[in-house]
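Per-entry structural report
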Amino acid sequence: MEALLIIGVVAIALLVPVGSLLGFLAFRQRHQQARQVAALTQEVAALRAQVHQFNGAVPPASDPVPDEPRVTPLPPLELDEPAEPVASRRPSPQIDRLVSALKEHWMVWLGGLSVALAGIFMVSHSISAGYIGPVQQLLLALISGLALHGGAEWLRRRQRGSDDVFAALAGGGSITLYAALLAGVHHYGLIGPTVGLMGLAAVSLATMVLALLHGPVLAIMGLSGAYLVPLLVGGDSGNVAFVLAYSFLISLSSLWLMRYVFRDWLWYATVTGAVLWWLVASSAAPAETAMPWYLAGLFAAFALVAGRIRSEVPRLRELLLVLLALWALSIGGQGLSDPLMLGWLLILPVAALVPQSRGALWYLPWTAVLASAVGWLMLAAVITVDGSHRLAMPVALHRDFVAYLMAAAVLTAGLGLWHWVRAPERQRWASFTLLAPVVWLVLGWLLIQRAELSLTWATATLILAGLYGVIAGWLERRATGRSGVVWAILAAHICYSLAAVMVFREASLTLALSVQFVSLTWLARRYRMPQLYLLLKLALALVVARLTFNPWLAGYNAEAHWSLWTYGGATLCAGVATWLAARNTAIRPWLEAATLHLLVLFLGAELRYWLYDGDIFTRQYGFTEAALNTLLWGALSLSYTVRARVSESLAWLYRWFSWVLLGLASVSYLTLLTWHNPWWGTDAISATPVFNLLLLAYGAPVLLALAVSRFPQLVPRFWALCVAAAGFLLFTAFEIRQLWQGSDMALTAGVSEGELYSYSVVGMVYAIAAILYATGRHHQVLYKAGMALLGLVIGKIFLIDMSGLQGLWRVAAFMGLGLALLGLAWLYRRARTTPVADAPMTGPDALRE
């Protein structure tokens, strides 16, 4: 300890005289340099005048020759910058300015820093060493600070201009006064907190006023020193309220200075100091009573001063949002043992009354509400042993929290109504007035009821919904209140949805939400309010997403036929809403697409219900699941393609969904042809002819491919028709196999003569039908396909049937082939003698006909 004292004394003894000497030398050097510059300026002006006389021209009036060299004082709060041509300016002027300032003013800054540290060390050392009494120590520090200020002012007046040396001396005096007053409050106890704050405020204001005379050095030293002195001096860490009040006074004095002389660096320094002291205070005492007052005061001060300074303060929006984020963190970090309640209401009137909330930053009141709600959710969030999160507000705090919620609802509604009455044409105040109380209602249900089912909360929410309905009717009869009708109806429907969530679960909740399709469509048409379409779209998106992503979003009881009223009820509500919507409205295509989507989901769910005996979301993947997935994904791909046609902003997303779903359907269909192919005997098929799973797995995809061919933006029509034709032939082959073999369709069972003959007959019929249709329609591609199929049948009959068929089966095969070929030859000869009006089309163009 004694060694530290000796080091401190030696440091003070060295730094004070050395700093003073360096400061004086810097002043002399600066003065000499200024005289040299003035002399050079006079010499250049004289030479320029002689040149003009030699050329017979009169010297310009803009270059007068000064009578005598004189030093021009620097303007206040302006750092010296050497004049430099624009063409030769470096890429980073801010770095050049800093380097230049360091080269020119390093002595001044080092001297000022030495003086400031000397004052701080004097106070700190006198406290620890106890050389003199507390009163004498305090008086000595105050006298030293005032003496430094007096010396700086005397030098400035003597030179009749400001100088950085004088500003450094004044900055050291301000820091010494800060340290003395803080020590008088915390260590000596000679000054009360109120008197100390008044003294600190006086020093801060005086420092900023003198900065207008001395320049930026005093502002820098005074501001940085004011924020850092409490950390260097130390003191009673428990008096957080005093520290926050001190930081607020320093910030307020700096903002007052910026009303007259604004600098970006001063603004950023003030913001940094204020935020750092919030961090220190919140770490020391999270539940400090003064914290809401500090943050709300900073928010109001920065917003009000920014409105007085100029319209474009750097990063004002980001700063205000950061303060609101600090507000949420302060609420969430105070702990559940004894949290503050009503104090956290302060930000609501401040955010609603600052001038920016009526202009470009209109969202500040809403952001304040949401920041407060997020803070309370953070406070009540509890991590359980298994790592999950749940909300748990202690029962002992319920009464105080309900009082907070009611006060917040009344306060936000009252402030919004006051603004709304003054500016009825601004709908944002109508939304804030009517919807902000709903936020507090939801917050109460989450934290008090813990998001569990409650008939009491649901009843209260329905009453609030009815109240909003009454307000909507009253506003609709007023000529000036029509802008609020939309928000009142929105609030009523939101409350209805919340009530459904509070009392229903799973299937019933989805149906309750779907009922709003009809009510919103009817209200929008009845009152001609297209603004309600936004809420209708949100409701449609919520229900469609909920039913699409089942069972991952909810679990259901397999004993009840819930899919009938959930999927079917939602589809019915969407269909009724489509019927109610006018044909010329923009919402009609949305409703049609949503109805199609829900219909696909309903049919898929019902198929699963009947095929899996009520267990719709079974956890197995086999032949049936692959067939269902092929149809469901393919149909959803078509529905998203339809939605992409009617969407204005999300068409690209829906088109991407349609391609992804079609790809999944194709992969699922390929598994039916390979892994789950009944020819391999891995899956058993019902013995019922035709009406079995083959119809679902291989017949329905043919219809799906034909439907896809109607949407060329999804897949080219030619290739979709090719897939449909190939799938139809494959489906026929499977059905023939099942008709002759029953449920055992494995190829290892062999092929009977009747089955072999059936392939030839059906293939011949298909080939003849294709040739005849192509001949009449002049489809070259289809004609060639029919001829290719006919060639395959002929080859099969001569290569396979001749050896595989016996008796009458062989006779029938060759007789049928001969008659078919003779008939085709006759038709071909007849067609050649008939004149053709148009040349036959070929390729994909023929299929588009």
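For clarity, every value in this text was computed on a predicted model and none was experimentally measured. (Residues numbered from 1 in each chain as written. Predicted model: local features only at pLDDT ≥ 70, side-chain atom pairs only at ≥ 80, totals over all residues. Heavy atoms only, no water.)

1. Topic: the overall build of the chain
When you go through the chain residue by residue, the secondary structure sums to 28 helices and 2 strands. The buried share of the chain, reckoned over its 849 residues, is 45%. Counting contacts in the chain only where the partners sit at least 6 residues apart, residues at least 24 apart contribute 72% of the total. Counting every atom, the chain has about 43,700 Å² of accessible surface; 68% of that belongs to carbon and sulfur. (Helix = DSSP H or I, 4+ residues; strand = E, 2+ residues; numbered from the N terminus. Buried < 20%, exposed > 50% of the residue type's maximum accessible area, 1.4 Å probe, protein only. Contact = heavy atoms within 4.5 Å. Areas by Shrake-Rupley, 256 points an atom, 1.4 Å probe, with all protein chains shown as cover.)

2. Comments concerning a nonpolar patch on the surface
Side chains of Val135, Leu139, Ile143 and Leu190 sit close together on the surface and give an oily, nonpolar patch of about 360 Å² of accessible area. With respect to the secondary-structure elements, valine 135 resides in helix α3 (residues 134-159). (Patch = residues over 30% accessible without salt bridge, like charges linked within 9 Å, V, L, I, M, F, W, Y side chains within 5 Å. Salt bridge = Lys/Arg side-chain N within 4 Å of Asp/Glu carboxyl O.)

3. Overview of the packing of aromatic side chains
Scanning the entire structure with this criterion turns up 18 aromatic pairs. Considering the side-chain rings of tyrosine 609 and tryptophan 610, the 5.3 Å spacing of their centres and the 90 degrees angle between planes classify their relative orientation as edge-to-face. Among the residues examined, tyrosine 609 registers a relative accessible area of 14% and is labelled buried. When the centroid spacing of 5.3 Å and the interplanar angle of 70 degrees are considered together, the rings of tyrosine 640 and phenylalanine 657 count as edge-to-face. Pair noted here: tyrosine 640 is in helix α21 (residues 623-646) and phenylalanine 657 is in helix α22 (residues 651-673), with a separation of 17 residues, a long-range link. By relative accessible area, which is 11% here, tyrosine 640 ends up buried. The class for phenylalanine 657 is partly exposed, based on a relative accessible area of 27%. (Phe/Tyr/Trp six-rings, centres within 6.5 Å; stacked < 30°, edge-to-face > 60°.)

4. Digging into empty space enclosed by the protein
To find leftover empty space, one rolls a probe the size of a water molecule over the atoms. Under the defined criterion, the tally for this structure stands at 5 cavities of 30 Å³ or more. Of the pockets and cavities examined, the second largest cavity occupies roughly 40 Å³. Lining the second largest cavity are Trp362, Pro365, Trp366, Arg428, Trp429 and Phe432. Among the secondary structure elements, those contributing two or more residues to the lining of the second largest cavity are α12 (364-380) and α14 (427-448). The leading source of residues in the lining of the second largest cavity is α14, at 3 residues. (1 Å grid on protein atoms, 1.4 Å probe; cavity = no way out; pocket = protein on both sides within 12 Å on 5 of 7 lines; lining within 4 Å. Points joined across faces, edges and corners; volume = space filled by probe spheres on them.)

5. Some remarks on unusual backbone geometry
Working note: non-glycine residues mostly have negative phi, and peptide bonds are mostly trans. The residue valine 690 is not glycine, and still its phi comes out positive at about 65 degrees. Inspection of the secondary structure assignment puts valine 690 in the loop between α22 and α23 (693-708). When its relative accessible area of 42% is taken as the criterion, valine 690 is described as partly exposed. Although it is not a glycine, histidine 778 sits at a positive phi angle of roughly 60 degrees. The residue histidine 778 is located in the loop between α25 (753-777) and α26 (780-804) in this model. Among the residues examined, histidine 778 registers a relative accessible area of 33% and is labelled partly exposed.

6. Things to note about the side chain of histidine 493
Within the fold, histidine 493 resides in helix α16 (residues 482-503). A distance of 2.9 Å separates a polar atom in the side chain of histidine 493 from a polar atom in the side chain of serine 519. Setting aside residues up to four positions removed in sequence, histidine 493 forms contacts with Gln516, Ser519, Leu520, Leu523 and Leu535. (Polar contact = N/O pair within 3.5 Å; in protein donor to acceptor, adjacent residues only side chain to side chain.)

7. What to know about the pattern of salt bridges
A full pass over the atoms with the stated rule returns 3 salt bridges. For the salt bridge of glutamate 318 with arginine 317, the shortest nitrogen-to-oxygen distance reads 3.2 Å. Between glutamate 592 and arginine 588 there is a salt bridge, and its shortest N-O distance comes to 3.2 Å. With glutamate 592 and arginine 588 both in helix α20 (residues 587-611), this residue pair falls 4 residues apart, about one helical turn. Residue class for glutamate 592 comes out partly exposed when judged on its relative accessible area of 40%.

8. Overview of the environment of alanine 770
Residue position: alanine 770 is located in helix α25. Distance in space between the C-alpha atoms of alanine 770 and methionine 787 is 8.3 Å, their sequence separation being 17 residues. In contact with alanine 770, other than residues within four places in its own chain, are Leu782 and Gly786.

9. A short note on the environment of alanine 352
In this structure, alanine 352 sits in helix α11 (residues 347-353). On a C-alpha basis, the gap between alanine 352 and histidine 419 in space is 8.8 Å, while along the polypeptide they are 67 residues apart. Not counting residues up to four positions away in its chain, the partners in contact with alanine 352 are Ser357, Pro365, Leu415, His419 and Trp429.

10. Points about α20
Under the 1.5 Å per step criterion, the end-to-end length of α20 is 36 Å for 25 residues, consistent within 8% with the ideal 36 Å. Aspartate 613, located one to two residues past α20, shows a positive phi value of around 60 degrees. (Expected span 1.5 Å × (residues − 1).)

11. Points about the packing of helix α13 (residues 398-422) against α14
Helix-helix packing is described using two parameters, namely the angle between the two axes and the distance between the axes. The interhelical angle for the contact between α13 and α14, taken along N-to-C directions, is 170 degrees, at an axis separation of 7 Å. As far as their axial angle goes, α14 and α13 are roughly antiparallel. Residues that form the contact of α13 with α14 fall into these classes: 18 nonpolar, 6 polar and no charged. (Axes fitted to C-alpha atoms, helices over the stretch in contact; angles between N-to-C directions. Parallel < 35°, antiparallel > 145°, perpendicular 65-115°, else oblique. Nonpolar A, V, L, I, M, F, W, Y, C, P; charged D, E, K, R; others polar.)

12. Thoughts on the confidence of the model for the chain
Counting all residues, the mean pLDDT for the chain is 76, and 73% of those residues have values of 70 or more. Taken together, the stretch residues 1-27 has pLDDT below 50 and engages in 22 contacts with residues farther than four places along the chain or on a different chain. Here residues 57-91 is modelled with pLDDT under 50, and outside its nearest four sequence neighbours on either side it reaches 41 contacts, counting other chains as well. (pLDDT = per-residue confidence, 0-100.)

13. So, the side chain of threonine 461
Note on placement: threonine 461 falls in helix α15 (residues 455-476). Residues within four places of threonine 461 in sequence aside, it is in contact with Leu441, Cys495, Leu498, Ala499 and Met502.

14. Structural notes on the packing of α22 against α23
For the pair α22 and α23, the least separation of the axes is 12 Å and the interaxial angle reads 150 degrees. One finds that α22 runs roughly antiparallel with respect to α23. Crossing of α22 against α23: the hand is left-handed. On the side of α22, the interface is formed by Leu662, Tyr669, Leu672 and Leu673, while α23 contributes Ala697, Tyr698, Pro701 and Val708. Split by residue class, the contact of α22 with α23 holds 8 nonpolar, no polar and no charged. (Left-handed = near helix turned anticlockwise from the far one by under 90°.)

15. Topic: the nonpolar core
In terms of nonpolar packing, the biggest core is built from 139 residues, with Trp267, Tyr294, Phe299, Trp376, Phe401, Trp440 and Phe517 touching the most fellow members. Looking at this core, the element that brings in the most residues is helix α9 (residues 290-309), giving 13 residues. Residue contacts for phenylalanine 299: discarding those within four places in its chain leaves Leu320, Leu323, Leu324, Ile347, Val350, Ala351, Val354 and Leu364. Counting 16 residues, the second-largest nonpolar core is a separate cluster that includes Ala626, Leu628, Leu631 and Phe731. (Core = buried A, V, L, I, M, F, W, Y, C linked by side-chain atoms within 4.5 Å.)

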